[in-house]
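Summary of the model geometry
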Amino acid sequence: MSELQIRRMSLPELQEMAVEWAAAEGWNPGLHDAPGFYAADSEGFLGGWLNGKPIACISAVRYPPDFGFVGFYIVRPDYRGKGYGLEIWNAAMQQLAGCNIGLDGVVAQQENYKRSGFTFAYNNIRFEGFSTGKPTPKTGANLVPCDQIDFESLLAYDRQYFPANRPEFLAAWLRQPDSVALAALAENQIQGYGMIRPCRKGYKIGPLFAETAGVAEQLLHALCGQISLQSPYYLDVPAINPEAVALAGRHGMQPVFETARMYTGSTPDVNLNGVFGVTTFELG
C-alpha cells in the first residue's frame, strides 16, 4: 500500500473534493455551503492524496473550547477497503484530541463508530416535503430577516440549541447567496429562527430552532413561501423531539434518510425540544 499524504484542504479543495464527492454520494449539499463550513474552522478539513491523486477526505471541525464534529468522511469508491479511510479517520481523531466529538453517521456504521469510542445518542431523520404556498399561520411573533437582528443576541439564542458558540460559522452561514434567514420576535425577544438555502436538489431548511412548535411552524411556512410551488425541500429532524417529527408529518413530509447522532463524551446539554431542524449533518 502506497503512503497516503494527509494535509489540510484549502477552501477550493474543500469545494472540489469534499462537497463534490458528497454530492456524488447523494448527500445533496447546499450550493454555497463551503465558505460557511470553512469559516467555522479553516484547519478542520483534511484531504488524503495518493501519488498526487486526491482519494479521501474528512472534516474535523473544532468549536472552542472543547467540542468537535466529524463529517465529510469519504473515500473514493475504487480505493475503499484498503485502509486509507482508517488513516484519515485517525488523523481527524488526533486533530480533535481532548474534545467531545459528535457525528451524524450512517446508521449501518454505528458499530464501527462505537469501536472508536462513540456512543449512540439519538437518530436524526431527513424528511422531504414539497412547498404548497399555504399562508403562514400567526402566533403573535413577528418574522424579520436575521440580518436585522442584533448578532450577539442571535448568537446567544443559537447557543441554547448547539453545544458551542459558533460566531464565525453563523456570520457566514446566514449570509449565503440565494438563501433566506428569518427570526421570530415577540416583545423584542427572539422566539426562534430558521434558514432555507438552495441545494443540488431542492432546498434545505437548517437550522430551525424555536421556543414552541407553533413558532417553528410559522417559520417553516414562511421559509417555504420563499420558494416556488411544489419545490422539494428537506428538514433534518431529531427523532427524540416528538413535536418536530409531528411538524414534519403535518406538512406531509416523508422520511428519506436517517443518521445516528453519536458522541465520544456525554450528550451535550442543549434544548433538543427546541431543535426542529438540524443546521447541517456535516458540522452539527
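In this report, we go over the structure that sits alongside the text. Everything quoted here is computed from the prediction, not taken from an experiment. Going along each chain's sequence as written, the residues are numbered from 1 onward. Only residues with pLDDT of at least 70 are given local features in this predicted model, and only at 80 or more are side-chain atom pairs given and counted; all residues enter the totals for whole chains, interfaces and linings. Hydrogens and waters are ignored; side-chain quantities use all the structure's heavy atoms.

**A closer look at the packing of aromatic side chains**
Each aromatic ring pair is specified by the distance between its two centres and by the angle formed by the two planes. Our working rule: Each aromatic pair joins two rings of Phe, Tyr and Trp (for Trp, the six-membered one) with centres within 6.5 Å, and gets the label stacked for planes under 30 degrees apart, edge-to-face for over 60, and tilted for any other angle. Secondary structure follows DSSP: runs of H or I at least 4 residues long count as helices, runs of E at least 2 residues long count as strands, and numbering of each begins at the N terminus. When accessible area is computed with a 1.4 Å probe and restricted to protein chains, residues below 20% of their type maximum are described as buried, those above 50% as exposed, and intermediate ones as partly exposed. For a ring to carry a charge above it, either NZ of a lysine or CZ of an arginine must fall within 6 Å of the ring centroid while also lying within 35 degrees of the normal to the ring plane.
Under the counting rule described, the total for this entry stands at 18 aromatic pairs. When the ring of Y73 is compared with that of W89, the centres are 5.2 Å apart and the planes differ by 40 degrees; the resulting orientation is tilted. With Y73 in strand β4 (residues 67-75) and W89 in helix α3 (residues 84-95), this residue pair connects regions lying 16 residues apart in the sequence. Looking at Y73, the relative accessible area reads 29%, which means it is partly exposed. With a relative accessible area of 5%, W89 lands in the buried category. Considering the side-chain rings of Y113 and F118, the 6.3 Å spacing of their centres and the 65 degrees angle between planes classify their relative orientation as edge-to-face. Grouping residues by exposure puts Y113 and F118 together as buried. One aromatic cluster in this structure is built from Y63, F67, F69, F162 and Y263. One Lys or Arg, R7, reaches over the ring of W49 and ends 3.8 Å from the middle of that ring.

**Focus on the pattern of salt bridges**
Formally: What makes a salt bridge here is a side-chain nitrogen of Lys or Arg within 4 Å of a carboxyl oxygen of Asp or Glu, nothing more.
Per the counting criterion, the structure on display carries eleven salt bridges. Salt-bridge contacts for R261 lead to D104; the nearest nitrogen and oxygen are separated by 2.8 Å. Taken together, the residues R261 in strand β12 (residues 254-263) and D104 in strand β5 (residues 100-106) connect sequence positions 157 residues apart. Each member of the pair, R261 as well as D104, carries the same accessibility label: buried.

**Side note on helix α8 (residues 242-250)**
Put simply, the test is: By arc we mean the arc of the directions from the helix axis to the C-beta atoms, nothing more. Here, two residues are considered to be in contact whenever any of their heavy atoms come within 4.5 Å of each other.
Within the span of α8, buried status applies to A244, L247 and A248. Relative to the axis of α8, the buried residues are bounded by an arc of 95 degrees and lie together on one face. Those residues of α8 that are buried are in contact with β6 (119-130), β10 (203-210), α7 (213-224), β11 (232-238) and β13 (275-277). Positive phi appears at G252, one or two residues downstream of α8, with a value of about 70 degrees.

**Points about the pairing of β6**
Test applied: When DSSP locates at least two bridges between a pair of strands, those strands are taken to pair.
As judged from the nine bridges shared by β6 and β12, these two strands associate in the antiparallel manner. By the bridge assignment for β12, E128 is matched with Q254. Relative to β11, β6 runs antiparallel, the two sharing seven bridges. When the sheet's bridge partners are listed, R126 is paired in β11 with D236.

**What to know about a nonpolar patch on the surface**
Inclusion rule: Residues enter patches when their relative accessible area tops 30% and they take part in no salt bridge; the joining distance is 9 Å for like charges and 5 Å for the nonpolar side chains Val, Leu, Ile, Met, Phe, Trp and Tyr. Calculation of accessible area relied on Shrake-Rupley with a 1.4 Å probe; when residues are assessed, cover is drawn exclusively from the protein chains displayed.
A cluster of nonpolar side chains, contributed by V106, V256 and F257, occupies part of the molecular surface with about 220 Å² of accessible area. Mapping F257 onto the fold places it in strand β12.

**Comments concerning unusual backbone geometry**
Residue P65 follows P64 across a cis peptide bond; omega there is 0 degrees. Along the chain, the position of P65 falls in the loop between β3 (53-63) and β4. That bond from G206 to P207 is cis: its omega, 5 degrees, falls within 30 degrees of zero. Note on placement: P207 falls in strand β10.

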